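# Understanding the architecture of this molecule
What follows is the residue order along each chain.
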Amino acid sequence: MSRRDYLLRKFLFSLLTIFVVLVINFMLFRVLPGDPVRSVIGRNVRISAEMQASLREQFGLDKPVFPDQFFATLQQWAGGNLGVSWSLRQPVAEVLMSKLGNTLLLIGLGQVLSIVFGVALGLFAGWKRKTSFDVGSLTFSLIAWATPTFWLGIILLAAGSTWLGLPTGGIVSPQNVGKPLYTVLPDLARHLVLPTLTMTILYLGEYMLIMRSSILEVLSEDYILTAKAKGMSHWQVLWRHGLKNAMLPIVTMIALNLGFTVSGAIYIETVFSYDGLGKLFHTALVRQDYPLLQGAFLLLAVSVIVANMLADILYTTLDPRVKAN
Amino acid sequence: MKKVVFVLLVLGLVLSACGAPAAAPPQGDSGSALRVGWLGFPDTLNPAYAFLTESYTMFDLVYSTLTTEAPSGEYVGLLAETWSVSEDGLVWTFNLRPNIKWHNGEALTAEQVAWNINAFITNSDGWVTNYSYIIGFVEARALDERTLEIELEYPISNMEFRVAFLYIVYPKDFEGFTTPEDLQNFANFSPIGTGPFKISTLDKDRRVIILDANPDYFDGRAKLGQLVYQTFDNSDALIQALKVGDVDFAAEVPTSAFKTVETFEGVTAVSISGRSLSELILNSAPDDHDPAPNRNPAITDPAVRLAIATAINKQDLVDVVLQGQGVPGVGIIPPTLGGGFWFNSNLTDVQFSLDEANRILEEAGYVMGTDGVRAKDDLRLEFRLQFPSDSSNYPRAADMIANWLNQVGIKATPAAVDPDSLVVATNPNADYDLVIWGWGSDPDPDFMLSVMTSEQYEEGGWSDSGYSNPAYDELFAQQQMTLDENERQKIVWEMQEMLFNDRPYIVLWYDDVLQAYRSDRFTGFIEYPTGIDAFQSLMNVEPVQ
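Residues numbered from 1 in each chain as written. Chains lettered and ligands numbered in written order. Predicted model: local features only at pLDDT ≥ 70, side-chain atom pairs only at ≥ 80, totals over all residues. Heavy atoms only, no water.

Facing the 69 residues of chain A at the interface are 72 residues of chain B. Taken together, both faces of the contact between chain A and chain B bury some 5900 Å²; the carbon and sulfur share is 57%. Summed over the shared surface of chain A and chain B, the number is 4 salt bridges. The residue Arg287(A) makes a salt bridge to Asp43(B) at a minimum N-O spacing of 3.6 Å. (Contact = heavy atoms within 4.5 Å. Buried area = accessible area lost by both parts, 1.4 Å probe. Salt bridge = Lys/Arg side-chain N within 4 Å of Asp/Glu carboxyl O.)

Going from Asp290(B) to Pro291(B), the amide bond is cis rather than trans, its omega being 0 degrees. Checked against the element boundaries, Pro291(B) lands in the loop between β12 (267–282) and α10 (302–310). With an omega of 15 degrees, the peptide bond running from Asn427(B) to Pro428(B) counts as cis. Tracing the sequence through the fold places Pro428(B) in the loop between α14 (419–426) and β19 (434–440). In this structure, Ser273(A) takes a positive phi of about 45 degrees despite not being glycine. (Helix = DSSP H or I, 4+ residues; strand = E, 2+ residues; numbered from the N terminus.)

A complete count under the given rule lists 30 salt bridges over all chains for this structure. Its salt-bridge partner being Asp233(B), residue Lys279(A) comes within 3.9 Å of it at the nearest N-O pair. In this pair, Lys279(A) sits in helix α12 (residues 277–286) while Asp233(B) sits in the loop between β10 (226–231) and α8 (235–244), so the two residues belong to two different chains. A residue is classified by how much of its surface remains accessible, and Asp233(B), at 16% relative accessible area, is buried. Between Arg141(B) and Glu151(B) there is a salt bridge, with its nearest N and O atoms 2.9 Å apart. Of the two residues, Arg141(B) sits in strand β6 (residues 137–144) while Glu151(B) sits in strand β7 (residues 147–152), which places them 10 residues apart along the sequence. For Glu151(B), a relative accessible area of 25% corresponds to the partly exposed category. (Buried < 20%, exposed > 50% of the residue type's maximum accessible area, 1.4 Å probe, protein only.)

This part takes up the domain arrangement of chain A. Residues and elements named next belong to chain A. When its domains are assigned, chain A resolves into domain 1 (3–78) and domain 2 (92–324). Placing a centre on the C-alpha atoms of domain 1 and another on those of domain 2 gives a separation of 32 Å. Interface area, domain 1 with domain 2, both sides summed: about 1900 Å², of which 66% is carbon and sulfur. Ranking the residues of domain 1 by area buried against domain 2 places Arg3, Ile18 and Phe29 at the top, with a combined share of 28%. Applying the counting criterion to the domain 1 and domain 2 interface returns 1 salt bridge. For Lys10, the salt bridge identified is with Asp312, shortest N-O distance 2.9 Å. Across the domain 1-domain 2 interface, the total number found is 5 residue pairs in polar contact (both at pLDDT 80 or more). If you list the elements that add at least two residues to the side of domain 1 that touches domain 2, you get α1 (3–30), α2 (36–41) and α4 (65–78). The biggest single contributor to the side of domain 1 that touches domain 2 is α1, with 14 residues. (Domains from an automatic or database assignment. Polar contact = N/O pair within 3.5 Å; in protein donor to acceptor, adjacent residues only side chain to side chain.)

The next thing to look at is a nonpolar patch on the surface. Residues and elements named next belong to chain A. On the surface, Phe13, Leu16, Phe19, Val20, Ile24, Leu28 and Val31 cluster together to form a nonpolar patch covering roughly 710 Å² of accessible area. Looking at the element boundaries, Ile24 is found in helix α1. Exposure remark for Ile24: the relative accessible area of 47% places this residue in the partly exposed category. (Patch = residues over 30% accessible without salt bridge, like charges linked within 9 Å, V, L, I, M, F, W, Y side chains within 5 Å. Areas by Shrake-Rupley, 256 points an atom, 1.4 Å probe, with all protein chains shown as cover.)

All names here are of chain B. Along the chain, Thr453 turns up in the loop between α15 (446–450) and α16 (470–481). Along the chain, Thr453 and Phe476 lie 23 residues apart, while their C-alpha atoms are 7.6 Å from each other. In contact with Thr453, not counting residues within four places along its chain, are Ser463, Tyr467, Tyr472, Asp473 and Phe476. A polar contact is formed between the side chain of Thr453 and the backbone oxygen of Ser450, at a distance of 2.7 Å.

All names here are of chain B. With antiparallel pairing, the 4 strands of this open sheet are ordered in space as β4-β5-β7-β6. At either margin of the open sheet sits one strand with a lone partner, and together these are β4 (80–85) and β6. Strand-to-strand, the axes of this sheet are offset by a mean angle of 20 degrees, without reference to chain direction. Pairing of β6 with β7 involves 6 bridges; the strand directions are antiparallel. Considered in β7, the bridge of Asp144 is made with Thr147. Against the sheet, helix α3 (residues 110–122) contacts β5 (91–96), β6 and β7, and its axis sits at roughly 170 degrees relative to β6. (Pairing = 2+ DSSP bridges. Axes fitted to C-alpha atoms, helices over the stretch in contact; angles between N-to-C directions.)

Given below as structure tokens:
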């Protein structure tokens, strides 16, 4: 099978997966207990029973789930339309896109930093096995990995705002809203310090631990011994033969994490009042806002699948054995 | 290599940020911007379709209504200067104040107000959030530039309250919509109103709203130059922001943090009697309800109800659950409504006494079993005690109540239930025994009383107890049409007494509104039942000299 056929098959299979996810989600949200109209309005006493009936009709909820609601929704999706959120009354695609930017900024930064530091720590810890550096970074990573997000966030928030004068929440200061982000970079950066730091600490441990065990395994391989015997320096062995082979599990890890982190880091967002996708997913679920829920889960499914596809493709480059198969 | 440069760049940015100077307060009228931290953000600013309280906070600042509630609970004119009602109670005439201008400089006319009210009446499927307030309205007419007439189908006793909830919008913004859906999909994030503040910036992705004082406001310009609303997603961060001075006002202080906030330097914490109540709901659905009630039938026994009420120490609940920030509940109408006018002060609550509760049950024939649970024949006093899982106060309250009940031979099993499921369980399924829940009341008693009417116990209605009493329903209709306030008061008091004796609810407490502000920077707040951030209070706030 040529590489093109392989990718094409992957792509078609992904499309099928997305469709199946959409259908399952459609059904899943509709078997949730409760009445979406009641959830959307909350306990707002302004809405009488008559008006709830009127909204139910407008949302198409007065019709049976199958076939009416199902085909109406399919038809809408087929037209590339995700519908209008019931609670926010804005097009779902627009709402998702506006939060996606915020989330990618935070998650992207946090992931890049935790990958860089995690991989570096793991690599050196593995290389310098059983030294105090190894024990120290291993202990730190285990603690970091086991720390509850919310707790770490709150502690950093209290410390950072009290002693460093860092902001207590938001993405930019109120006086800078409405301005394009690149014009207020210092302010933006000040707001990103604490959430990014929290995120980095939390993920760093995971990457470090995987990298360490992976490099330890690679370093015990015969070809490393061969490389050393050929007279290569420690650094050359580590860089050229160790790192590249030890990266495979890390790539899988990154792909999985990146896929799921689009769902937002809800705890971090909540602690730092950072308006990302995680909070939006939560709101959509609490208010049983079907169009928004469906759109949000579509985005989540697509990003997990795309991240996995990217990992597959990267594998063909990193590992010749995958290419051969 | 490029990647390395990028990472270094990002790192540099992050590190440099730590050293950047602290953010200065937003520039407005120098130093007169009040920065408000709150725990939500408006869903939309369209009064036709807004459900979150944050939306209504904005409406109060940006829009005006014909009348408004004074701190005393009386209704005073806002857009209206004076008003009168015809002898038969069917025609209300409102005389508008002179010199009212929209934010765009145009003058407000009675014609425009009439357009609003007629739109609410004729397109009620569109203006869903106004429907309850215009039931019984026939038509509005402008007699001249400043005189408005509203014709009614029948006399409406709480007309002044009803119009205080109808925000008058700029007709041109709302004229073009042909379907209810189109109208509701209009987010209206740049509203034109006649209120004391106008929105200058609204960023829904950063969740910040900045309002400027309206210099042409008919009641004089607000003393503040600007209001800045910033959203926090958790109350700990909000309290921290207040402590370090990132915000000047915290719109919500959690009960558990109130005592701590009181100790902050330069901060004043306020506790105001509000309009909310929490209650224990006792399944009171009629036996012939469809679907058939699923409950322990013992819950309908008046003796059991009285015993439960006697076994609950409400003062303890207030002291422990609310940390003293509230008062024990009696009737369904909170004592703040109408400045106390609607609260039946003749009601005396049953005294807490476990001995007395035991005696009542003994006398009613419930015999203590060997397992500590009383029973009469095959009727065991064993109940589910459910509460919505999104409340932080109810788990504690449920534990305390279960403990007291346990001491009188009633076994109550507390369980947190997701609020959506609880709605369905109470109405229409009548599938529960005891539920702890709460209400935020309107300033007029009409709504709270309506919750107990038979007609509200249907899908989409607001009754959760299933209480059904034709005599009560009769009184309810009567109070809606009684124009004489004192007459109406008598009926409202009688209804409260009925509910108190039949016990579809055991009202546990009325909780306080807890807020805090930087008193080293701002002064002039006025207490309203909704908080010190009512728009009339914010008009009066000024920087400390």
